[in-house]
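# Architecture at a glance
So the chains spell out like this:
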Amino acid sequence: MTRFFRPSSSIPGALPGLSSPAVDPAPAVPLSDRVTHPSPLHPPGVDGLTGLSNRTGLETVLQHRLTADEADRTAVLSLDLDFFTRVNDSLGHRAGNALLVQVAQRLRDATRPDDVVARIGGDEFAVCLSGLEAAEHAHTIAARIYDRLEQPMALGNQTVYTPASIGVVADLTPYDSVEVVLRNANTALNEAKDVPHRPYVVYEAAMTRRARAQLSLDTALRQALDRSEFVPFFQPILALDDGSLHGVEVLARWRHPDDGLLTPDTFLDIAEDTGLIVPIGHQVIRKACDAVCALRRRQPGAPPLSLTANFSRQEFFRAETYAFLTDLFDTYDLPPTDFTMEISERTVAGIAAEDVTAFQNLKALGVGILLDDFGTGFSSLQSLRRLPVDGLKIDKGLLADTNGQSWNEDLIDLIVQMGHTLGHTVTAEGVERTDQLHALRGMDCSYGQGYLFARPAPASALGSLLAAPFRSRFWRTGRGDS
Ligand code: C2E
Ligand code: CA
Ligand code: CA
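First, a word on scope: everything that follows refers to the structure included in this document. All values derive from a computational prediction rather than experimental measurement.

### Regarding the site of ligand 1
- Taken together, 23 residues are adjacent to ligand 1, and R253, S312, E315, E432 and Y451 come closest.
- In this structure, a nitrogen atom belonging to ligand 1 sits 2.9 Å away from a main-chain N or O atom of A252.
- Within the contact set of ligand 1, a nitrogen atom lies 2.9 Å away from a side-chain nitrogen or oxygen of E315.
- Out of a free accessible area of 800 Å², ligand 1 has 85% covered by protein chains.

The structure is reproduced here in structure tokens:
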């Protein structure tokens, strides 16, 4: 008998299907052989691809545990794979399936025969641990599973890494509903996803309160959109060789009727999770174009102003964005060459082939594309060469003094030289001091932006931003040290 399939008699509350001849053949057959040829007639409660329990199977077992006075010795882990979609998109569904099968095997190897491992969605798994002597044992097992899944996996001639996020509900005593157990495990899982390299997160009631708060934020964001409360702020970007104005970056703000002006850290995550970032981004960019047009009408002779706007992954790769931009350029008579899209380097690490096509399509419109927050996303040099981008924008974290150490000048110099070697412009953001400006100019960094020159300002300040005497204030001595 393999550990994988066992007679239902050994599992209290197990599914009848688990002991059926269709899935419990003897002698033992290695998992990989079995699951790559799944029976089309897999019994209810069993996942056809991996042979694990499915959601129904897991729920049946959990229901039994809750009603059999074993709740205090039972824990539930909820897991999903961090990069599964990427594997599926880049290597295809067969490879994706093979990966799920290997994950199933690792989960079985990391648990005991009496534990129930289930695949409850595409790349979502759950484990019901039983017979635990202390709730903390669930933590140990979660950490072990995390370690096992962190090891590279061979898929054909490729090696892939698919670390998992794990949420834990450690003691089922307070529960009388399977649905609530699984929901709470999933809430903890969602928290775990926000903390890279943390093996697991144990559920606490505060998480549900936070999740509810997010739900009400979601409703508030929808209302704010309807009331047109999202507005653009503008921050100048200067050419570092001569201090001339290169353009302005558009940064979203929420004019909250009660709480005042809110920065994106208060709404961006939830707006991205819910997809609301798309209409919010559109509202902000349209208003930015309105402001630029109004300025043009007031100052007909003013030189054209180049706009740079931020795009989240959810916006950048959808066909709708292409249509939005063509309409924008038409409506505002804005040359696409005066518009630059910024996308975080983190969102393009390990990018799939069809995503490169999206890049190329947008590029063909004539817009500029910058990799924002550069230095945080571990892009390979290979992908940097493959993507049609115009420039890199060094993450402001690299310019900041942290833990008593001064900013990382050597590293920035390296990025500037690398960017230039690849034919890209390099922008430094977060420039706060004249010594930084001086050093960046010495490195031949193309553009700079930061509080030293100006903080982001509302549309009403756009005219004075454009007229500000940056050159005479900061470029007086020729090398930026005023
Ligand atoms: P980002 O694109 O990296 O923008 C730079 C952030 O640094 C801005 O924060 C800006 O206000 C701030 N900043 C500028 N100069 C300095 C400086 O010298 N020192 C320091 N410490 N900070 C400086 P903000 O406006 O809060 O925006 C945060 C992030 O939100 C942006 O980071 C961007 O990723 C995102 N974001 C902003 N507007 C939009 C939008 O319309 N759509 C999308 N998708 N994302 C947006
Ligand atoms: Ca940006
Ligand atoms: Ca940035």
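That shown, we press on.
### Looking at the coordination of the calcium ion (ligand 3)
- Taken together, the protein ligands of the calcium ion (ligand 3) are D372 (OD), D373 (OD), E429 (OE) and E429 (OE), with distances of 2.2 to 2.8 Å.
- A separation of 4.2 Å is found between the calcium ion (ligand 3) and the calcium ion (ligand 2), both of which receive a donor from D372. With D372 in strand 13 (residues 368-374) and E429 in strand 15 (residues 425-429), this pair connects stretches of sequence that are 57 residues apart. There is no split in this pair, since D372 and E429 are both buried.

### Some thoughts on the coordination of the calcium ion (ligand 2)
- For the calcium ion (ligand 2), the full set of protein donor atoms is E249 (OE), N310 (OD1), E342 (OE) and D372 (OD), and the range of their distances to it is 2.1 to 2.4 Å.
- Binding-site remark: the calcium ion (ligand 2) is held by donors from one chain whose sequence spacing is E-x60-N-x31-E-x29-D.

### A look at the pattern of salt bridges
- In the structure shown here, the tally under the stated rule is 14 salt bridges.
- For R313, the salt bridge identified is with D355, shortest N-O distance 3.2 Å. Here D355 lies in helix 13 (residues 353-364) and R313 lies in helix 10 (residues 313-316), a separation of 42 residues in the sequence.
- A residue is classified by how much of its surface remains accessible, and R313, at 36% relative accessible area, is partly exposed.
- Linked through salt bridges whose partners overlap, the residues forming this network are E249, E342 and K393.

### Section: the packing of aromatic side chains
- In total, this model carries 11 aromatic pairs according to the counting rule given.
- Ring centres of F329 and F339 lie 5.6 Å apart, and the angle between their planes is 65°; on these two criteria the pair is classed as edge-to-face. One end of the pair, F329, is in helix 11 (residues 319-332); the other, F339, is in strand 12 (residues 339-344), and 10 residues separate them in sequence. Like F339, F329 is buried.
- Taken together, the aromatic side chains of F453, F470, F474 and W475 make up a single cluster linked through ring pairs.

### A look at the environment of L132
- If you trace the backbone, L132 turns up in the loop between strand 3 (124-129) and helix 5 (135-150).
- Not counting residues up to four positions away in its chain, the partners in contact with L132 are R73, T74, A75, H137, A138 and I141.

### Some points on the sheet that holds strand 7 (residues 201-202)
- As summarised here, the arrangement of the 5 strands in space is 2-3-1-6-7, forming an open sheet in which the pairing is mixed. Only two strands of the sheet have a single partner each, and these edge strands are strand 2 (116-119) and strand 7.
- When strand 6 (residues 164-169) meets strand 7, the two strands line up parallel, connected through 2 bridges. Of the residues in strand 7, the one forming a bridge with G167 is V201.

### Examining a negative patch on the surface
- On the surface, D194, D265, D269 and D273 cluster together into a negatively charged patch.
- Among the structural elements, D194 can be located in the loop between helix 6 (178-193) and strand 7.
- Of the residues examined, D194 reaches a relative accessible area of 63% and is grouped as exposed.

### Some details on the nonpolar core
- Counting 82 residues, the largest nonpolar core has L325, F339, F359 and L440 as its most contacted members.
- The element that contributes the greatest number of residues to this core is helix 9 (residues 277-298), accounting for 11 residues.
- With near-sequence residues (within four places) excluded, L440 lies in contact with L240, L399, W407, I412, A428, V431 and C445.
- With 34 residues, the next largest nonpolar core counts F84, L99, L129 and A170 among its residues.

The rules behind the values
Residues numbered from 1 in each chain as written. Chains lettered and ligands numbered in written order. Predicted model: local features only at pLDDT ≥ 70, side-chain atom pairs only at ≥ 80, totals over all residues. Heavy atoms only, no water. Near = heavy atom within 4 Å. Polar contact = N/O pair within 3.5 Å; in protein donor to acceptor, adjacent residues only side chain to side chain. Areas by Shrake-Rupley, 256 points an atom, 1.4 Å probe, with all protein chains shown as cover. Donors = N, O, S within 2.8 Å, 3.2 Å for Na, K, Ca; no water. Helix = DSSP H or I, 4+ residues; strand = E, 2+ residues; numbered from the N terminus. Buried < 20%, exposed > 50% of the residue type's maximum accessible area, 1.4 Å probe, protein only. Salt bridge = Lys/Arg side-chain N within 4 Å of Asp/Glu carboxyl O. Phe/Tyr/Trp six-rings, centres within 6.5 Å; stacked < 30°, edge-to-face > 60°. Contact = heavy atoms within 4.5 Å. Pairing = 2+ DSSP bridges. Patch = residues over 30% accessible without salt bridge, like charges linked within 9 Å, V, L, I, M, F, W, Y side chains within 5 Å. Lys, Arg positive; Asp, Glu negative; His and termini not counted. Charge placed at Lys NZ, Arg CZ, Asp CG, Glu CD. Core = buried A, V, L, I, M, F, W, Y, C linked by side-chain atoms within 4.5 Å.

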